[in-house]
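Remarks on the overall topology
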Amino acid sequence: MKPKMKLKIAVDVAMTLLLILLMAYELVGEAAHEWLGMGICALFILHHVLNTGWSKNLLRGHYSVLRGVQTVLTAGVAITMVGSMISGLLLSEHTFSFFPIRSVYSYASRVHMLCAYWGFVLLSLHLGFHWNMMIGITKRYLRTNRIRTWVLRGAAFAIAAYGMYAFVERDIGNYMLLRYHFVFFDFEEPLFFCVLDYAAVMGLFVLIGHYLSTGIKKLLSVNKIA
């Protein structure tokens, strides 16, 4: 594997881990949350620097259904990430506390919640659309056979099933629809369990994204044959 590809994977893994920690906002602590936000912001910029080829070819070539969906997802992730960064800057009480803008606090808080939860789901779906690459790497290094493949597949579905439960239990759908203006946390809950729940929810949407992209590819393949 080329060094640039290794760096891309490392950046993506780091962004994924930081995003999960950011979702455990109150349990991590406000100051830590802001520093983690700055970290994911830097990684987000680096991710786009490493993938400038995609940006250059954005208006070139034919747009299939798959490419169109991937582009919409990528745009959604970019919009929610930028929205999270700007609203986070306005809400900052530690790293950027010198910003004297408090009149927009309530509005910025709602935008931040909306962007955070939609960004979490969209980024998970985005990962799912590129999951074939991770499957290829796994097959290369683990030398998977039929039994190992089914074990890994079963584990993925088990994680997704728990992720569905965690999605409902954590009220993530209501936060995405902005039915609540504040995120409710159980401060007696260990951080590990909160992170575990959000990791499982991410696994759910990664699986949905993976099978959605697989289904689109099969549909396009059938249409070509027909």
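See the structure above.
Every value quoted in this text rests on a predicted model; they were computed, and no experiment measured them.

In this structure, the second largest pocket encloses a volume near 1,000 Å³. Along the walls of the second largest pocket sit 38 residues, with Tyr25, His33, Gly88, Leu91 and His112 positioned nearest its centre. When contributions to the lining of the second largest pocket are tallied by element, the ones reaching two or more residues are α1 (3-23), α2 (25-28), α3 (30-50), α5 (65-91) and α6 (105-129). The greatest single-element share of the lining of the second largest pocket, amounting to 10 residues, is contributed by α6. Class assignment of the residues belonging to the lining of the second largest pocket gives a composition of 23 nonpolar, 11 polar and 4 charged.

Here α1 is 21 residues long and its end C-alpha atoms lie 31 Å apart, about the 30 Å a rise of 1.5 Å per residue gives. When α1 is considered as a whole, its buried residues turn out to be Lys8, Ile9, Val11, Met15, Thr16, Leu18, Leu19, Ile20, Leu22 and Met23.

A few words now on the nonpolar core. Counting residues in each nonpolar core, the largest one holds 43 residues, and the members touching the most others are Tyr117, Phe120 and Tyr198. Those elements giving two or more residues to this core turn out to be α1, α3, α5, α6, α8 (146-169), α9 (172-176) and α10 (191-225). Excluding residues within four positions of it along the chain, Tyr117 makes contact with Met23, Ile172, Tyr175, Met176, Val183 and Tyr198.

So, on to the pattern of salt bridges. Overall, the coordinates contain 2 salt bridges when judged by the stated rule. When the shortest N-O distance is used, the salt bridge between Arg170 and Glu189 registers 2.5 Å. Linking Arg170 in the loop between α8 and α9 with Glu189 in the loop between α9 and α10, this pair joins segments that are 19 residues apart in sequence. Comparing Arg170 with Glu189, the two get one shared label, buried. Between Arg170 and Asp197 there is a salt bridge; the shortest N-O distance is 2.9 Å. Residue Arg170 is located in the loop between α8 and α9, and its partner Asp197 is located in helix α10; the two are separated by 27 residues in the primary sequence. Pair check on accessibility: Arg170 and Asp197 agree, each one buried. Salt bridges sharing common partners tie together Arg170, Glu189 and Asp197.

If you walk through the whole model with that rule in mind, you get 8 aromatic pairs. Aromatic side chains Phe157 and Tyr211 sit 5.8 Å apart centroid to centroid with 40° between the ring planes, which places their arrangement in the tilted category. Of the two residues, Phe157 is situated in helix α8 and Tyr211 in helix α10; the sequence distance between them amounts to 54 residues. With 5.5 Å between their ring centres and 75° between their planes, Phe192 and Phe193 make a pair best called edge-to-face. What links up through ring pairs into an aromatic cluster is the set Tyr117, Tyr175, Tyr180 and Phe184. Positioned over the ring face of Tyr63 is Arg67, at 3.9 Å from the centre of the ring.

Thresholds, definitions, all that
Residues numbered from 1 in each chain as written. Predicted model: local features only at pLDDT ≥ 70, side-chain atom pairs only at ≥ 80, totals over all residues. Heavy atoms only, no water. 1 Å grid on protein atoms, 1.4 Å probe; cavity = no way out; pocket = protein on both sides within 12 Å on 5 of 7 lines; lining within 4 Å. Points joined across faces, edges and corners; volume = space filled by probe spheres on them. Helix = DSSP H or I, 4+ residues; strand = E, 2+ residues; numbered from the N terminus. Nonpolar A, V, L, I, M, F, W, Y, C, P; charged D, E, K, R; others polar. Expected span 1.5 Å × (residues − 1). Buried < 20%, exposed > 50% of the residue type's maximum accessible area, 1.4 Å probe, protein only. Core = buried A, V, L, I, M, F, W, Y, C linked by side-chain atoms within 4.5 Å. Contact = heavy atoms within 4.5 Å. Salt bridge = Lys/Arg side-chain N within 4 Å of Asp/Glu carboxyl O. Phe/Tyr/Trp six-rings, centres within 6.5 Å; stacked < 30°, edge-to-face > 60°. Lys NZ or Arg CZ within 6 Å of the ring centre and 35° of its normal.

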